[in-house]
Amino acid sequence: MNGRILIILGLIGIFGALPIVAQSSGADLDAILASIDEFGTFQDNDFTADYTIVSEKPGEERSIFEARIFRRDSEDKFLLIIAEPALRRGEGYLQVGDTGWSYDPESREFAIFQLRDTFQDSDAQNSDFAGTRLQDNYAVASFEEGRLGSFEVYILTLEATNDTVAYPSTKIWVRQDNYLILKQEDYSLSDRLMRTVLIPTYARAGAYFVPTKTLIIDNLNQGERTEVTVRNISFAAIPDTVFNRSYLERVNR
Amino acid sequence: MKYLALAVRNLNRQKKRSVLLGGAIALGILVITLVNGFTAGAVTNVKDNFAYLLAGHVYISEETKRDDDTEVSLFTHPELLDAAIAEVGLDPRAVIRRSTFMGTFLFHGKNASQQVQGVQWDREDALRQRLILTAGSVDEAMADPRGIILSQQAADLLGVAIGEEITVRLSTVTGQQNVGTFVVRATMADPGILGNLSAYAALDRVNELVNIPAGTYQTVSITLDSMTQVEPVTTALYEALGRLAQVKPRDETPQGLQVNTEMSFIFQEEPEDPWTGSRFTVANINEFTAQLESLSTLVNSVGLSILMVLILITLVGVANTFRMIMYERVKEIGTMRALGMQRPAIRRIFLYEATSLAILGYLAGVLLAGVVGLLIGFFQIPSDNAFSLFAAAGRLTFPYQVPSLVGNLILITGLTALAALVPANKAAKLQPADALRA
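In this text, all values refer to a predicted model and were calculated from it rather than measured experimentally.

Asks: Is there a simple way to explain unusual backbone geometry in this structure?
Replies: Note: most residues except glycine have negative phi, and most peptide bonds are trans. Looking along the chain, the bond that leaves Glu84(A) and enters Pro85(A) is cis, with omega of 0°. Among the secondary structure elements, Pro85(A) is positioned in the loop between strand S3 (77-84) and strand S4 (92-96).

What follows is the structure in structure tokens.
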């Protein structure tokens, strides 16, 4: 009896896995995810860049944030300091490993900060500015080949392997020639499309690719969108003292 | 008694002067009574507003630390809490179980942030009675598993009507993004700024959206009959739970205006001792309003300082006036002394006159404070104004504070008598013959 069940389960497993294996012929799914993480995570160098985040909402004025981001992905360190608007200047977000703090220069108080939180009521999340960790958090649920504009792409549907990532499932359009993500759709736990991310341009710096323009469209609230532009990219070493709470306090004086 | 009658007659002889001096005293008392009343009213109202939002006075939650170090707020051992509640002897009807999330409602391009309270409608009689509905009914909300009651302000902001479906964006207990829908079944009158933030829906629907099992809950609130029970009940529950399970030390509970673990207004990050497994947290309304009590004490101290300055200015006037009164009445004093009145009696007439003035001024001040407080109370503070946090149903209240009233009476009477003491002594020391010659 047990043997028969095992055989049936085995057959179900084989036939269940067949579509993905068949569809992925010629494409190593793990290699694609690994490449995306490799491009988006700067393991050998520190990273500094200026970000402009323009957020548009129906019936509201455009909000524009200028921020400088410091990253040391090899040590899971991330720091974002707001430069504009003047009213928010000096606000900062520091993430070291699993612990994150936000700093308010007005009250001089730190609060708990999480990468999965939304950045300043925009459509961007703090994690959009940090390194990519698709392999750690997602598994490929389905795969197909397709076309996006003039590019041949792989379309991967990813399901979260843990319940702490912001989006339980996500769909990515990856260029077949260099594995760069061109488009991403993020879905809620109830499987509603929440946002679409379009990345039309990347800047190449050595082995790294940095998205220099990202458009995030809110699919729940019509007309709401956020555009992220990256400038002044640098891979120069950042002093250790930068990734520190006291730096956040000091930088505002 | 006859000296008191003489003192009152003297006050009546110089009406204008008495009114001016008494008026100055009344003004000082008016200010301090209003300040005391405002701070006492504000503290009570803030506590009431918080008790309404948090559905009680004592709050218990259970956090579980998972293997990935994520903390999840959910009752996984409700039987332990039930045992502790039974041991303390609390009325089960006073225990409210809820789940909550902070979400953004979306409707035709408009959005509004609300804290959605998942309630067990059949066990929330007090809530059902307190809700003042502007449209729809609680029964309709109860009958619809996706039904929600929104504040009128939130409904206006979204432009949504009864029966329409709205979308909500939220995070689950582990931080995943989720989207769901509700159907607006009723709208409620704005119950103040904190109430404005809240919407009410069925517990199971909220659980489904925050991704916790049906029938479970995240917070337990206990409503008590009086504020004096808050600390004893909190301590008893803390100790009872401590005998059954791991409980977060009470001094670790962060101070400040923190609504709950999901929604924190100000949180000064404090280092915490490492812990594993599940643990309960017991808190009460006083911990949320501790800073407000300090602020109230500070405002009262400022009020008292203002009163002291006003009194000092008034007392200089009282001292000068009584010196003048003494010179005006030299012949009268001489006559009374010649007729056999003793020195202490003369002094007593002066002191009675001063204390009568102080008491009359005090009474006028207290009465005026009551009238002014009542008039201010007529102004309705808009519920979206932050100041409405200090109001009861949008109106400021100025309850009389008996200890402060008694203290102020003793202070003003004593100081006025002290100011009149020097002229009174001088009058008492006058020689009858010299006084009659003057």
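Asks: Before we go on, may I ask you to explain the packing of helix H1 (residues 2-13) of chain B against helix H13 (residues 343-378) of chain B in this structure?
Replies: When two helices pack together, their arrangement is given by the angle between their axes and by how far apart the axes lie. Residue and element names in this part refer to chain B. For the pair H1 and H13, interaxial distance at closest approach is 8 Å and the crossing angle is 60°. Classified by the interaxial angle, the pair formed by H1 and H13 is oblique. Crossing angle aside, the handedness with which H1 passes H13 is right-handed. For the pair H1 and H13, the contacting residues are Tyr3, Leu4, Leu6, Ala7, Val8, Asn10 and Leu11 in the first and Ala345, Arg348, Ile349, Tyr352, Glu353, Ser356, Leu357 and Leu360 in the second. For the contact of H1 with H13, a count of residues per class yields 11 nonpolar, 2 polar and 2 charged.

Asks: Would you mind going over the interface of chain B and chain A with me for this structure?
Replies: A common measure of how large an interface is: the accessible area buried when the components associate. Counting from both sides, the interface comprises 22 residues of chain B and, opposite them, 25 residues of chain A. Roughly 2000 Å² is buried in total at the junction of chain B and chain A, and carbon and sulfur atoms are behind 46% of that figure. For the salt bridge of Arg66(B) with Asp163(A), the shortest nitrogen-to-oxygen distance reads 2.6 Å. Listed by contribution, the elements that provide at least two residues to the side of chain B that touches chain A are strand S4 (110-119), strand S7 (165-171) and strand S8 (177-188) of chain B. Considering every element that reaches the side of chain B that touches chain A, the biggest residue donor is S8(B), with 4 residues. Broken down by class, the residue content of the side of chain B that touches chain A amounts to 4 nonpolar, 13 polar and 5 charged.

Asks: How should the layout of surface pockets be read in this particular structure?
Replies: Rolled over the atoms, a probe with the dimensions of a water molecule shows which regions are left empty. All names here are of chain B. Roughly 440 Å³ of internal volume is contained in the second largest pocket. Lining the second largest pocket are 19 residues, with Ala55, Ile96, Ala126, Leu127 and Thr223 sitting closest to its centre. Elements with a contribution of two residues or more to the lining of the second largest pocket: helix H2 (15-53), strand S3 (95-107) and helix H4 (125-130). The greatest single-element share of the lining of the second largest pocket, amounting to 4 residues, is contributed by H4. Considered class by class, the residues forming the lining of the second largest pocket number 9 nonpolar, 3 polar and 7 charged.

Asks: Would you mind showing me how to read the pairing of strand S1 (residues 58-65) of chain B here?
Replies: Side-chain positions along a regular strand alternate between the two faces of the sheet. Residues and elements named next belong to chain B. Most of S1 sits out of view: 8 of its 8 residues are buried. Across 4 bridges, S1 lies against strand S10 (residues 219-222) in antiparallel orientation. Residue pairing for S10: Val58 is matched across the bridge by Ile222. Pairing between S1 and strand S11 (residues 277-284): 8 bridges, direction antiparallel. The partner of Thr64 across the bridge, within S11, is Ser278.

Asks: Mind showing me how you'd approach the domain arrangement of chain B here?
Replies: Each assigned domain of chain B is listed with its residue range as follows: domain 1 (2-49 + 291-437) and domain 2 (95-217). Of note, the centres of domain 1 of chain B and domain 2 of chain B, computed from C-alpha atoms alone, are 52 Å apart.

Asks: When you look at the environment of Ala124(A) in this model, what are you seeing that I'm missing?
Replies: Residues and elements named next belong to chain A. Relative to the helices and strands, Ala124 resides in the loop between strand S6 (109-112) and helix H3 (134-137). Distance in space between the C-alpha atoms of Ala124 and Ile217 is 9.4 Å, their sequence separation being 93 residues. Beyond its immediate sequence surroundings of up to four residues, Ala124 is in contact with Thr118, Phe119, Phe129, Arg195, Ile216 and Thr226.

Analysis parameters
Residues numbered from 1 in each chain as written. Chains lettered and ligands numbered in written order. Predicted model: local features only at pLDDT ≥ 70, side-chain atom pairs only at ≥ 80, totals over all residues. Heavy atoms only, no water. Helix = DSSP H or I, 4+ residues; strand = E, 2+ residues; numbered from the N terminus. Axes fitted to C-alpha atoms, helices over the stretch in contact; angles between N-to-C directions. Parallel < 35°, antiparallel > 145°, perpendicular 65-115°, else oblique. Left-handed = near helix turned anticlockwise from the far one by under 90°. Contact = heavy atoms within 4.5 Å. Nonpolar A, V, L, I, M, F, W, Y, C, P; charged D, E, K, R; others polar. Buried area = accessible area lost by both parts, 1.4 Å probe. Salt bridge = Lys/Arg side-chain N within 4 Å of Asp/Glu carboxyl O. 1 Å grid on protein atoms, 1.4 Å probe; cavity = no way out; pocket = protein on both sides within 12 Å on 5 of 7 lines; lining within 4 Å. Points joined across faces, edges and corners; volume = space filled by probe spheres on them. Buried < 20%, exposed > 50% of the residue type's maximum accessible area, 1.4 Å probe, protein only. Pairing = 2+ DSSP bridges. Domains from an automatic or database assignment.

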